[in-house]
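Results of the structural survey
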Amino acid sequence: MTESSAELVADVVASAAAASAAGAAGSWRRATGIAGAAIGVLAAGAAAGVAIERMTVGRGMRRRARLALDAAGPYGALRGTPGKAYADDGTELYYEVDEAEPDAGPNVSPRRRRLFGRKAPAPVTVVFCHGYCLSQDSWHFQRAALRGVVRTVHWDQRSHGRSGRGVAQTRDREPVTIDQLGRDLKAVLDAAAPDGPLVLVGHSMGGMTMMALAAQYPELIRDRVVATAFVGTSSGRLGEVNFGLPVAGVNAVRRILPGVLKALGQQAEWVEKGRRATADLFAGVIKRYSFAGRDVDPAVERFAERMIESTPIDVVAEFYPAFTDHDKTGALVCFRDMPVLVLAGVQDLVTPSEHSEAIADLLPDAELVLVPDAGHLVMLEHPEVVTDRLADLLTRAGAVPAGATVSGYGSTSSTAQPR
């Protein structure tokens, strides 16, 4: 992306914010379509101002293709036993539990044997925490691979997925904080896994949530958590991320972004209409900031789009400032005495792999896995790698026998489907 194009996007978004502040409804309507699409970058976990690849297929054909993919794509269809937890401000937090299959001795299922050998795993609960503008369904491939093998809990962060809107945000106008998300996770654990050993797995904001849990409840980490996986996340200094933009573009976006987000959050209805009207542009933004490879299954790309599109713009606006304030480097010490997996895509533009390397530097016994040709949604882009390393983590934690393999599972090539 050139500096001039970055500045152009910044100018467009700034003009939308200015129109809102001035109460110019007509100007807002004209600008909000483009601004809504630009701010959609944030819904992929990035910042406004990216280069969009040239679209060569007719708009009507692309719309029909999206509808076909929505109808045919199997991704995100896995469901478990539902439950509800309640945060300290009363927010309803939705979760689902997949129970482990009963120990069948020598008649253990083929999938369990493939993953962990013939012995049944220990009574551990693996808790999956999703990222910004996603949902529990973002762990689709890992959930499918581990289903019935170990007990798993999948939950939706406040204001995401099937969870309720944050009460403190809607009623009291309090800002979202990563600390609040840590307390939300504690509420989910109390409801869904009150006893027994835990393995915590978090992607992006989900990893930050786990750090916030450790900062506030170090005794829980010490007494119950037996292993941890940080996937594409950061312990702080997110304000320095350049999102793959040149210096001029980064500076322009940082200068105007707080005001733009506030304005867009106050005009949610118009922005949502703008996002729908510019779906093709939005899809290009999501692809750039979610995936690095060229051969990702189009149904997987569309699956990511659906999750991100379902996040209201006012939720995007509520959460974004929390990342600038996020600094949980000090909490990482709580994870030093357990098996830890730190995994990231080398081409992640949202939480660059250097942030994962920094986490691993503070956890010298952690396994650091950097996945080439992978972007921010590495668990969807290269699910076989992520699932295999998670199975190995469970083995290292003593939760499952040695010999875990997940060969071939979870390919997202255009010819593969989940098993």
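Structure report, in brief. Just so you know, these numbers come straight off a predicted model, no measurement behind them.

Conventions and cut-offs
- Residues numbered from 1 in each chain as written.
- Predicted model: local features only at pLDDT ≥ 70, side-chain atom pairs only at ≥ 80, totals over all residues.
- Heavy atoms only, no water.
- Helix = DSSP H or I, 4+ residues; strand = E, 2+ residues; numbered from the N terminus.
- Core = buried A, V, L, I, M, F, W, Y, C linked by side-chain atoms within 4.5 Å.
- Buried < 20%, exposed > 50% of the residue type's maximum accessible area, 1.4 Å probe, protein only.
- Contact = heavy atoms within 4.5 Å.
- Phe/Tyr/Trp six-rings, centres within 6.5 Å; stacked < 30°, edge-to-face > 60°.
- Lys NZ or Arg CZ within 6 Å of the ring centre and 35° of its normal.
- Polar contact = N/O pair within 3.5 Å; in protein donor to acceptor, adjacent residues only side chain to side chain.
- Pairing = 2+ DSSP bridges.
- Axes fitted to C-alpha atoms, helices over the stretch in contact; angles between N-to-C directions.
- Patch = residues over 30% accessible without salt bridge, like charges linked within 9 Å, V, L, I, M, F, W, Y side chains within 5 Å.
- Areas by Shrake-Rupley, 256 points an atom, 1.4 Å probe, with all protein chains shown as cover.
- Salt bridge = Lys/Arg side-chain N within 4 Å of Asp/Glu carboxyl O.

Things to note about unusual backbone geometry
Although it is not a glycine, Arg-173 sits at a positive phi angle of roughly 60°. Summarising the element assignment, Arg-173 is placed in the loop between α6 (167–170) and α7 (178–192). Even without being a glycine, Arg-237 presents a positive backbone phi close to 65°. You can see Arg-237 is positioned in the loop between β6 (225–231) and α10 (247–266).

Focus on the nonpolar core
Core analysis: the biggest nonpolar cluster contains 38 residues, and Val-199, Val-201, Leu-343, Leu-380 and Leu-390 have the highest contact counts within it. Ranked by residue count, the leading element in this core is helix α13 (residues 298–309), at six residues. When sequence neighbours within four positions are dropped, the list of residues in contact with Leu-343 reads Phe-230, Val-231, Gly-232, Ser-356, Val-369, Val-371, Val-378, Val-385, Val-386 and Arg-389. One finds Cys-129, Val-153, Met-338 and Val-340 within the second-largest nonpolar core, a separate group that totals 35 residues.

Some points on the packing of aromatic side chains
Here the structure, examined in full by the defined rule, presents six aromatic pairs. Measuring from ring centre to ring centre gives 4.8 Å for Tyr-132 and Phe-323, while their planes differ by 65°; the resulting arrangement is edge-to-face. Taken together, the residues Tyr-132 in the loop between β3 (125–129) and α5 (140–146) and Phe-323 in helix α14 (residues 313–325) connect sequence positions 191 residues apart. We note that Tyr-132, like Phe-323, is buried. Against the face of Tyr-217 rests Lys-186, its NZ or CZ located 5.2 Å from the ring centre.

Section: the side chain of Thr-125
Along the chain, Thr-125 falls in strand β3. A residue is classified by how much of its surface remains accessible, and Thr-125, at 5% relative accessible area, is buried. Separated by 3.2 Å, the side chains of Thr-125 and Arg-151 make a polar contact. Those residues in contact with Thr-125 that lie beyond four places of it in its chain are Arg-151, Val-153, Ala-193, Pro-197, Leu-198 and Val-199.

Re the sheet that holds strand β4 (residues 151–155)
Taken in spatial order, the eight strands line up as β1-β2-β4-β3-β5-β6-β7-β8 in an open sheet, and their pairing is mixed. At either margin of the open sheet sits one strand with a lone partner, and together these are β1 (81–86) and β8 (367–371). The mean inter-strand angle of the sheet, taken between neighbouring strand axes irrespective of direction, is 20°. Packed on one face of the sheet, helix α15 (residues 353–362) meets β6, β7 (340–345) and β8 and runs near 165° to β7. Sheet contacts for helix α17 (residues 383–396): β3, β5 (198–203), β6, β7 and β8; angle to β7, the most-contacted strand, approximately 170°.

As for the environment of Glu-99
Assignment of secondary structure puts Glu-99 in the loop between β2 (92–98) and α4 (110–116). According to the relative accessible area criterion, Glu-99 is partly exposed, its value standing at 48%. Leave out the neighbours within four places in its chain, and Glu-99 touches Gly-148, Val-150 and Arg-151.

Let's talk about the pairing of β7
Summarising burial for β7: six of the six residues are buried, a large majority. Covered by surrounding structure in β7 are Val-340, Val-342 and Ala-344 together with Leu-341, Leu-343 and Gly-345, the residues of both alternating faces. With four bridges connecting them, β6 and β7 associate as parallel partners. Bridge pairing links Thr-228 to Val-340 in β7. Sheet analysis places β7 next to β8, joined by five bridges and oriented parallel.

A word on the pairing of β5
Here β5 lies mainly inside the structure; six of its six residues are buried. Residue alternation in β5 divides its side chains into two sets, Leu-198, Leu-200 and Gly-202 and Val-199, Val-201 and His-203, and both sets are buried. Of the strand pairs in this sheet, β3 and β5 are connected by five bridges, and their pairing is parallel. Bridging from a neighbouring strand, Thr-125 pairs with Leu-198 of β5.

A word on a nonpolar patch on the surface
Side chains of Val-346, Leu-368 and Leu-370 sit close together on the surface and give an oily, nonpolar patch of about 210 Å² of accessible area. Looking at the element boundaries, Leu-368 is found in strand β8. On the basis of relative accessibility, which here comes to 36%, the residue Leu-368 falls in the partly exposed class.

What about the environment of Val-378?
Locating Val-378 in the fold gives a position in helix α16 (residues 378–381). Along the chain, Val-378 and Ala-344 lie 34 residues apart, while their C-alpha atoms are 7.0 Å from each other. Apart from residues no more than four positions distant in its own chain, Val-378 is found in contact with Val-231, Leu-343, Gly-345, Val-371, Pro-383 and Val-386.

Points about the pattern of salt bridges
A pair can form between side chains of opposite charge whenever their charged atoms are brought close. Under the defined criterion, the tally for this structure stands at 25 salt bridges. Here Asp-179 ties to Lys-328 by a salt bridge, and the two come within 3.1 Å at their closest N and O atoms. Taken together, the residues span a long stretch of sequence, with Asp-179 in helix α7 and Lys-328 in the loop between α14 and β7 at a distance of 149 residues. The buried category is assigned to Lys-328, whose relative accessible area is 13%. Between Glu-367 and Arg-396 there is a salt bridge, with the nearest N and O atoms lying 3.5 Å from each other. Remark: Arg-396 occurs in helix α17 and Glu-367 occurs in strand β8; sequence separation between them is 29 residues. In this structure Arg-396 comes out as partly exposed when scored by relative accessible area, which is 34%. Here the salt bridges share partners, and the residues they tie into one network are Arg-79, Glu-96, Asp-98, Asp-137, Arg-143 and Arg-147.

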